[in-house]
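Chains, contacts and geometry: an overview
If you want the building blocks of each chain, they are given just below.
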Amino acid sequence: MKTTYNRPLLSKTPCSINFLSILLSIIILVFSCLPTIAQNESAASLDSLLQDFGTPGQFVIKGQAKQFKRDFFEFVITGFGDNERMAVPVDKDGHFEKSFPVILEQDIYLYLNGDAITFSVGESDTLEIQWDEADFQNTFSAHSNNTHRNPILSVQWDLYQRFRKPNLTLQSTLWENRQIWTEQEKFDKINDLFNQEVQLILDHSDEGKKPFAGLLVGRYFEYCQLLNDAGLLGKKDLTIDTTYNKVNHAMVMAYPILSLGPQYRIQSEAWFCHVPAYRDFIYTYVRMSRPFNIVVNDYSYPSSYQLTSSLYQSIYRVWGSTSSILMRDWFVANIVSRSFRYDSFALAENAFEKFSPDIHTAYFRSLLSNSYQAAKALKPGLQAPPLALMDTNGKMVNLSDFRGKVVYIDFWGVYCGPCIQDIQQAVPKLHEAYKDKDVVFMNICVDVDEARWKAALEKYKLDGINLIAPGWSRNPAIEAYRIKAIPHYLIINRDGTIANNNAPRAIELLNMPKNENELEKALAKP
């Protein structure tokens, strides 16, 4: 039997903007969102929840794209593990219709018009989109078969049009001026843009009558993440500027998140299940602190805690501060699963064997087991999967062509900021350092078509063996090497075996002592 999550996303408790009411609303909100295990549910109900969680429903994307030249477009959907990249086939007349799995409510990022456009979807939704490729901004529209969701889609489109570029600009300028701006200057810029987005949502809310609670919670946690990235979380709290946000009693009744305060310190299964931005935020925040002020005796730090690995520290920190079994299982499954991509296989495998028996939720046990099985296929010492891709001359190049040499593979993308940073700042130095050694530098672009790939190669003067993996997630090479995020690096030994499927970035290799440098270690092997 599938479990239904029918609790309200946020408390509807009345409150006002004075201090006592705000405090009361926060207290009520905390108790309305307490974990399932704290609501006197029977052991049988809890077992059912942990067994049934993660059973997907379906949603449909349909519509028509006029003057569309490709036979598919892609989107990424959030979830309770890695985000998944999906492809929507488009026929010769521009029509498309396809069903996809979705668990509860998720965000999708439509890759259209050279950008990522965010909409939310839920089980049994049909998202109908239409546009003319020749005039995308003026012709694009999005509608749902669920009339309750249409106001949300409309606001999400307005948010994209008005704030996508300002938000990206804010992120880049915060980084560029991180050592120049004062904390107050950083906060003012973050809080001001947050207020502008809140104002847009409230302008469409019909005095709190529209179903925008989840939308506001999502924006709140997006901006909490910006505060965290800027080192301001815990020092500054987002505030509502009433000079241009006319927040009244009815709005706070409908949207308790407007009472603000440090609501990022609230542990909420409701937000966890229904607000992807909350999950994104707490995944970073909880692993780095103990935010919920909860002591759970059976999962506190062991008395002999001497572990130096950040992987183990993160897991014990989560166990020591999270009372929800569901959320705890999610944390552990994702921390260990992602460790297979960023840590040594031996360390990740040890964590898998140690912690997977303690995961109670069937879905998260399965997620972690699948990650482990996939990682085993790429463990050091095994033969690298076959790889054959097209180079700039249209010739197919095989990984096996370079047997007898060490191969350093860089999966990168034209629209990947960290990729381009490496290419501009570190890759030329690394290539120069190994130009007289038996190292082949293979650069595989994954995110654009041939024309934009070649333009980027010219722009960045990227040398080495340049190949393209068209189709991104649909490309067999991407599937074989489990490339979920970029940049991603591998080192292949002379005999074609895998030296490291999670190899260091170029800048890291340049700064490593020779006896720790994995390229040097691979070169030393026969």
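Please refer to the structure higher up on the page.
Because the structure is a prediction, the values reported are computed rather than measured.

**A look at the side chain of arginine 494**
With respect to the helices and strands, the residue arginine 494 is situated in the loop between strand 14 (488-492) and strand 15 (498-500). Of the residues examined, arginine 494 reaches a relative accessible area of 18% and is grouped as buried. Side chain to side chain, arginine 494 and aspartate 438 meet in a polar contact 3.3 Å long. Here arginine 494 is in contact with Arg403, Gly404, Lys405, Val406, Asp438, Ala522, Leu523, Lys525 and Pro526, once residues within four sequence places are set aside.

**Let's talk about the packing of aromatic side chains**
What the rule picks out here adds up to 42 aromatic pairs. Between tryptophan 157 and tyrosine 160 the ring centres are 5.4 Å apart and the planes differ by 20°, which places this aromatic pair in the stacked class. With a gap of three residues between them, tryptophan 157 and tyrosine 160 both fall in helix 4 (residues 150-176), about one helical turn apart. Measuring from ring centre to ring centre gives 4.9 Å for tyrosine 220 and phenylalanine 221, while their planes differ by 80°; the resulting arrangement is edge-to-face. Per residue, the accessibility class of tyrosine 220 equals that of phenylalanine 221, and both read buried. Positioned above the aromatic ring of tryptophan 175, the side-chain terminus of arginine 178 is 3.6 Å from the ring centre.

**Re the environment of phenylalanine 75**
Inspection of the secondary structure puts phenylalanine 75 in strand 2 (residues 72-77). You can call phenylalanine 75 buried: its relative accessible area is 0%. Distance in space between the C-alpha atoms of phenylalanine 75 and valine 88 is 8.0 Å, their sequence separation being 13 residues. When near neighbours in sequence (up to four residues on either side) are disregarded, phenylalanine 75 contacts Phe59, Ile61, Glu84, Arg85, Met86, Val88, Phe100, Ile108, Tyr109, Leu110 and Tyr111.

**Quick word on the state of the cysteines**
What the rule picks out here adds up to one disulfide. Through a disulfide, cysteine 416 is tied to cysteine 419; the S-S separation comes to 2.3 Å. Since a negative S-S torsion denotes a left-handed disulfide, the cysteine 416-cysteine 419 link at about 80° is right-handed. The exposure classification of cysteine 416 matches that of cysteine 419, with both residues buried. Here cysteine 445 stays free of any disulfide, with the sulfur of cysteine 419 as its closest cysteine sulfur at 8.7 Å. Assessed through its relative accessible area of 0%, cysteine 445 is described here as buried.

**A closer look at unusual backbone geometry**
Going from isoleucine 486 to proline 487, the amide bond is cis rather than trans, its omega being 0°. Secondary-structure assignment places proline 487 in the loop between helix 17 (476-480) and strand 14. Of note, lysine 461 is a non-glycine position whose phi angle comes to about 55°, a positive value. Residue position: lysine 461 is located in the loop between helix 16 (450-460) and strand 13 (465-468). Even without being a glycine, arginine 482 presents a positive backbone phi close to 55°. Tracing the backbone through its elements, the reader meets arginine 482 in the loop between helix 17 and strand 14. On the accessibility criterion, arginine 482 (15% relative accessible area) is buried.

Procedures and definitions
- Residues numbered from 1 in each chain as written.
- Predicted model: local features only at pLDDT ≥ 70, side-chain atom pairs only at ≥ 80, totals over all residues.
- Heavy atoms only, no water.
- Helix = DSSP H or I, 4+ residues; strand = E, 2+ residues; numbered from the N terminus.
- Buried < 20%, exposed > 50% of the residue type's maximum accessible area, 1.4 Å probe, protein only.
- Polar contact = N/O pair within 3.5 Å; in protein donor to acceptor, adjacent residues only side chain to side chain.
- Contact = heavy atoms within 4.5 Å.
- Phe/Tyr/Trp six-rings, centres within 6.5 Å; stacked < 30°, edge-to-face > 60°.
- Lys NZ or Arg CZ within 6 Å of the ring centre and 35° of its normal.
- Disulfide = S-S within 2.5 Å.

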